[in-house]
Amino acid sequence: MSNEGSLLPRYILMQKTLLSSLRLKDVLDAAVMQFVELGGGAKVAIFLSDNESLSLKLMAGKGYSPESLEQMKVLPFSAETLLKYVVQKRAAVTAVPDSAPDLSRAVMMREGSAGQIALPLISSNLLVGGVLMDVNNVSLLKYVDFLSQVSEVTSLAIANSILFGRSEYERERLGTLYKTSCALSNNALQANDVLQIAADTALVLGNTPNCAILLYDGPNNAFQLAAYKGLEGKSLKAFDLGVRDTIAGSCLRSGKTEYIGDGAREPFGMPKATGGANFNSVIALPLFFQQQPLGVIEVFSTDKRAFHREQIDLLESLALQVSSALKMALTHESVAANSIIDVHTGLYNRLHFEDTLGREIERSNRHHHELGLVVLDIDHLGTLNEHLGQEKGDEAIRYVASTIKSSLRDIDIVCRIGGEEFGVILPETSATACADVAERVRARIRSENVPGIGTVTVSMGAAAFPLNAENAENLLNAASEAADIAKYEGRDRVKAAETGKVAQSGPIAWAELAKQAKLSVLNERQANQQSRLTVAPEYATWMTKQPDLVKKKGGDD
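Here goes a summary of the coordinates provided. Because the structure is a prediction, the values reported are computed rather than measured.

## Description of the sheet that holds strand β18 (residues 494-496)
Right, so step 1: One open sheet holds the five strands; their spatial order is β13-β14-β12-β17-β18, and the pairing between them is mixed. Each edge of the sheet is formed by a strand with only one pairing partner; in this case those strands are β13 (413-416) and β18. Recorded for the sheet is a direction-independent mean angle of 20° between the axes of neighbouring strands.
Right, so step 2: Bridge count between strand β17 (residues 458-465) and β18: three bridges; the pairing is parallel. Bridge pairing links Met-460 to Val-494 in β18.
Right, so step 3: Each of β12 (371-378), β17 and β18 touches helix α15 (residues 472-488); the most contacted strand, β17, lies at about 150° to it.

Here it is, written out as structure tokens:
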């Protein structure tokens, strides 16, 4: 900025560049590059204000070291930086290292800066965010007034892009809600159809991969898990389906939406996300038809403060539509019958699986019969969802379910026990026969070319009672460990459990091998889950009521 005569042309160029796009990312990138140029190669970071968490979140930057970027990723309004005074005074602030607040001084020392400039981003008297510049020449600090004018243009461009992104986001969600309304208006829908449509739509409107639909069982005053997505199958035991002390029960009693995750209360009695992560936010939406309680839709997120008012409004509209369609469907069906069926595949669900496995083991023990158990997991389903879309992932799940079902005897019990996991109970089947059946099913699944997907493979674990275990819990653990090891050893294979009375065949103890395999599977699932949650709607929460951080004139000091 040594040539002051060039300021006006560059200022005009910046206006044109900033206002040429309505995409938030484009505007932020253009703003960063222009501030870098105007600052003579300054290091620049742009933050947006999050007034729910009272913090500034780093949205774009250039020139800073990874350490500084990590340190500035989220800055509370009260953090000791120049931006603290920007938030309080709504005015530009400058400093050199000796006079800077602690955190700003640490950044300047790390970056070797001669000085730092903090600029407010304000639109319609609302704090949008702030700009931080680390300059190499202290003389650039005298241009703070000019840079403040540039930040006003930047504020306008960012505010416009946020409004545009918000309108596009709402338009997309309203389109989804309209399509759902059309689908639910079909009088021929069965309860399973309604539940699947409701679950799929709730994920889109809530911008999350995790939800559950609970149906209310009036005679027993309890809930039944009728449908779910993105939940860890093994964690369903911890899912409190009671009415008295649960968010679902409170929601049904009040007839109003309940939200946990705003920092006031921690979610409790919840299952876990696929991969084992805990939920930090949950919305419960009541399903009523003419004062009759039908159930609750619960939408989960692993993030805190995950759901905004706009999302909740759309989910409440969905709940009203689902209530009417569900009542119509349930008029012709039994709630009890549906409570043991997985709505996406038509197979029995995990609750029925666990009850049946216990009964079958008792019967086998009483009649001195053997019992086989197979646990299988679809390979690379997370990658398939990421690259081809969740609809194709659901198709792969249904293909595997139908292939298993058509490959077995009528007396065999096939269940979906998790998002991508299936359990097969084989009455009167030895360990050897169990492994043979598993291999036949694996080969048949692999042999087909699924339209739009290609080859689907599965990893399978086989175990038998009483050879590998003498009770239901240990038998399921043995088969699950074998399935994890099958994945760990390369996928698309069958692994027979080496527990109980079976001698170990490898150099590594079975327990240690199972531990390593389980850790590997969990790490992969968590990585896949994280990759699907990196994209967030392009609108900020600064449009909500601003916190009163500026003291009124004449107030106490």
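## Quick look at the packing of helix α6 (residues 144-184) against helix α7 (residues 191-206)
Right, so step 1: The contact between α6 and α7 brings their axes to 10 Å, and the two run at 175°. Between α6 and α7, the angle falls in the class roughly antiparallel. Together, Tyr-169, Arg-173, Thr-176, Leu-177, Thr-180, Ala-183 and Leu-184 of α6 and Val-194, Ile-197, Thr-201, Val-204 and Leu-205 of α7 make up the contact between the two elements.
Right, so step 2: Here the contact of α6 with α7 is built from residues that sort into eight nonpolar, three polar and one charged.

## Here's the deal with the environment of Leu-75
Right, so step 1: Its location among the elements puts Leu-75 in strand β3 (residues 74-76).
Right, so step 2: Residue Leu-75 is classed as buried on the basis of its relative accessible area, which comes to 4%.
Right, so step 3: Expressed as a C-alpha distance, the spacing of Leu-75 and Leu-56, which sit 19 residues apart in the sequence, is 5.1 Å.
Right, so step 4: Every residue in contact with Leu-75, bar those within four places of it in the chain, is listed here: Phe-47, Ser-55, Leu-56, Thr-81, Leu-83 and Leu-103.

Thresholds applied
- Residues numbered from 1 in each chain as written.
- Predicted model: local features only at pLDDT ≥ 70, side-chain atom pairs only at ≥ 80, totals over all residues.
- Heavy atoms only, no water.
- Pairing = 2+ DSSP bridges.
- Helix = DSSP H or I, 4+ residues; strand = E, 2+ residues; numbered from the N terminus.
- Axes fitted to C-alpha atoms, helices over the stretch in contact; angles between N-to-C directions.
- Contact = heavy atoms within 4.5 Å.
- Parallel < 35°, antiparallel > 145°, perpendicular 65-115°, else oblique.
- Nonpolar A, V, L, I, M, F, W, Y, C, P; charged D, E, K, R; others polar.
- Buried < 20%, exposed > 50% of the residue type's maximum accessible area, 1.4 Å probe, protein only.

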